[in-house]
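A structural walkthrough
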Amino acid sequence: MTTKSNSTVLGGKASSSPLLSSPPHQRLVTKDGHCGLSPPLCPSDSWRGNWRRALLLALQDLWGLVVSLRWRWVLLAFCASFLAHWLLFACLWYLLAHLNGDLAVDHDAPPEGHVVCVKYITSFTAAFSFSLETQLTIGYGTMFPSGDCPSAIALLAVQMLLGLMLEAFITGAFVAKIARPQKRAGAIQFSPQAVVGQHQGQTCLMLRATNLLQRPLVDVKVSAVLYEEHEGQALHQTSLDFYLDHLGQQPCPLFIFPLTFYHPLDRQSPLYPALCEGTSNHFELVVFLSALQEGTGDSCQKRTSYLRQEIQFERHFVAALGLDAHGRYTVNTQHFDTTHSKEPLNKDCVVQVNGDGSDRME
């Protein structure tokens, strides 16, 4: 369907600068995809009650908390957990030696009838060393528990069981963090601004995404949710479809160079009142890109958001894919998020939307 010119459809708002008509609002989703909302707090509770409630909820999902932490905190938790485990059982081994009277006797020649629970634990340092050797199964051979002391055997079994559980948890957390699909999504980048312009005879909202790694992604899909303020400050959610060239609703089979996705701004579009009729309602467009990793088949998702002032009118993206002197395709990262207006361009700028027009950058 062919529409009117941009200046007519956009109600005389054609401009090369972003719209700045709405007051600043807090973002629901940041540009790098993080949630911008704070967790809900109970107004009737004190800050201590809110803190205790948040801590309890975090402990109930301890695995998710550890996996979502940054590496510096994971490494700190790794060191602190093992150190605390060794110190705890060092105290228990020292307490056992104290209660059994092993601290005041000669371990090489103990009194008759006295059973030394652990040989040569005569100080807390020795108890810590024995706890460390036991957990890491070093076995230097100097300190060892006696088979005639049931308390020592029981404490040894408890330490080994808890130590194995701790090692399994920490090892699993490390593997889960390394294999997280979200890390692959970090190589997906969105253009910081979206543009409104003509595409295949239609007025469309366009945004660009690129894959920064040479490893391709497959089955790429882009969707969006429009959050718009209605009466009473309620946020109304509406889904939007984004298309890629003539693929229609089919996913992009291969993501190896920058792609420009478009959404037609016809009268059926939820964005038509805000962008084409100039309504003043605040809105935020949250865009989701989901894809599969070619080697493993793991899914990953990247998201970003666009406010009203981050949408530019009557502009197009500059070509990011071109040919070098040897006929090889090259990606110009400097032109990834560069836009230009409808004015005539010099030879350094070539209009291109996923291959529409010229593929050559002179």
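Going by the structure above, here's the rest.
Structural notes, computed from the coordinates. (Residues numbered from 1 in each chain as written. Predicted model: local features only at pLDDT ≥ 70, side-chain atom pairs only at ≥ 80, totals over all residues. Heavy atoms only, no water.)

Counting residues in hydrophobic clusters, the biggest one holds 35 residues, and the most contacted among them are Leu205, Phe261, Leu271, Leu285 and Leu289. When sequence neighbours within four positions are dropped, the list of residues in contact with Leu271 reads Leu205, Leu226, Leu240, His263, Leu265, Cys276, Phe283 and Leu285. Membership of the second largest hydrophobic core comes to 14 residues, among which are Leu96, Val118, Ile121 and Met143. (Core = buried A, V, L, I, M, F, W, Y, C linked by side-chain atoms within 4.5 Å. Buried < 20%, exposed > 50% of the residue type's maximum accessible area, 1.4 Å probe, protein only. Contact = heavy atoms within 4.5 Å.)

Here we come to the packing of helix α4 (residues 71-100) against helix α6 (residues 150-178). The interhelical angle for the contact between α4 and α6, taken along N-to-C directions, is 180 degrees, at an axis separation of 11 Å. Viewed along their axes, α4 and α6 adopt a mutual orientation that is roughly antiparallel. Taken together, the residues of the contact of α4 with α6 break down into 18 nonpolar, 5 polar and 2 charged. (Axes fitted to C-alpha atoms, helices over the stretch in contact; angles between N-to-C directions. Helix = DSSP H or I, 4+ residues; strand = E, 2+ residues; numbered from the N terminus. Parallel < 35°, antiparallel > 145°, perpendicular 65-115°, else oblique. Nonpolar A, V, L, I, M, F, W, Y, C, P; charged D, E, K, R; others polar.)

What follows covers the state of the cysteines. Going through the model one piece at a time under the given rule, you end up with 1 disulfide. The disulfide that involves Cys117 links it to Cys149, with 2.1 Å between the sulfurs. The sign of the S-S torsion, about 60 degrees, decides the handedness of the disulfide formed by Cys117 and Cys149: right-handed. Linking Cys117 in the loop between α4 and α5 (124-136) with Cys149 in the loop between α5 and α6, this pair joins segments that are 32 residues apart in sequence. With respect to burial, Cys117 and Cys149 carry one shared label: buried. (Disulfide = S-S within 2.5 Å.)

Here we take up the environment of Val222. Examined against the element boundaries, Val222 turns out to sit in strand β4 (residues 217-229). Under the relative-accessibility criterion, Val222 is labelled buried at 11%. Between the C-alpha atom of Val222 and that of Ser290, which follows or precedes it by 68 residues, the distance is 6.6 Å. Dropping the residues within four chain positions of it, Val222 is found in contact with Phe242, Phe261, Val287, Phe288 and Leu289.

Applying the stated criterion to the full structure yields 7 aromatic pairs. Ring centres of Tyr94 and Phe124 lie 6.0 Å apart, and the angle between their planes is 75 degrees; this geometry places the pair in the edge-to-face category. Here Tyr94 is found in helix α4, whereas its partner Phe124 is found in helix α5, with 30 residues between them in sequence. Tyr94 gets classed as partly exposed once you look at its relative accessible area, which sits at 31%. (Phe/Tyr/Trp six-rings, centres within 6.5 Å; stacked < 30°, edge-to-face > 60°.)

The subject of this paragraph is the packing of α5 against α6. One can describe the packing of α5 onto α6 by two numbers: an axis separation of 9 Å at closest approach and a directional angle of 60 degrees. It follows from the interaxial angle that α5 and α6 lie oblique. Both α5 and α6 take part in a crossing whose hand is right-handed. Contact residues: α5 offers Ser131, Thr134 and Gln135, while α6 offers Leu156, Gln159, Met160, Gly163, Leu164 and Glu167. Looking at the contact of α5 with α6, its residues break down into 3 nonpolar, 5 polar and 1 charged. (Left-handed = near helix turned anticlockwise from the far one by under 90°.)

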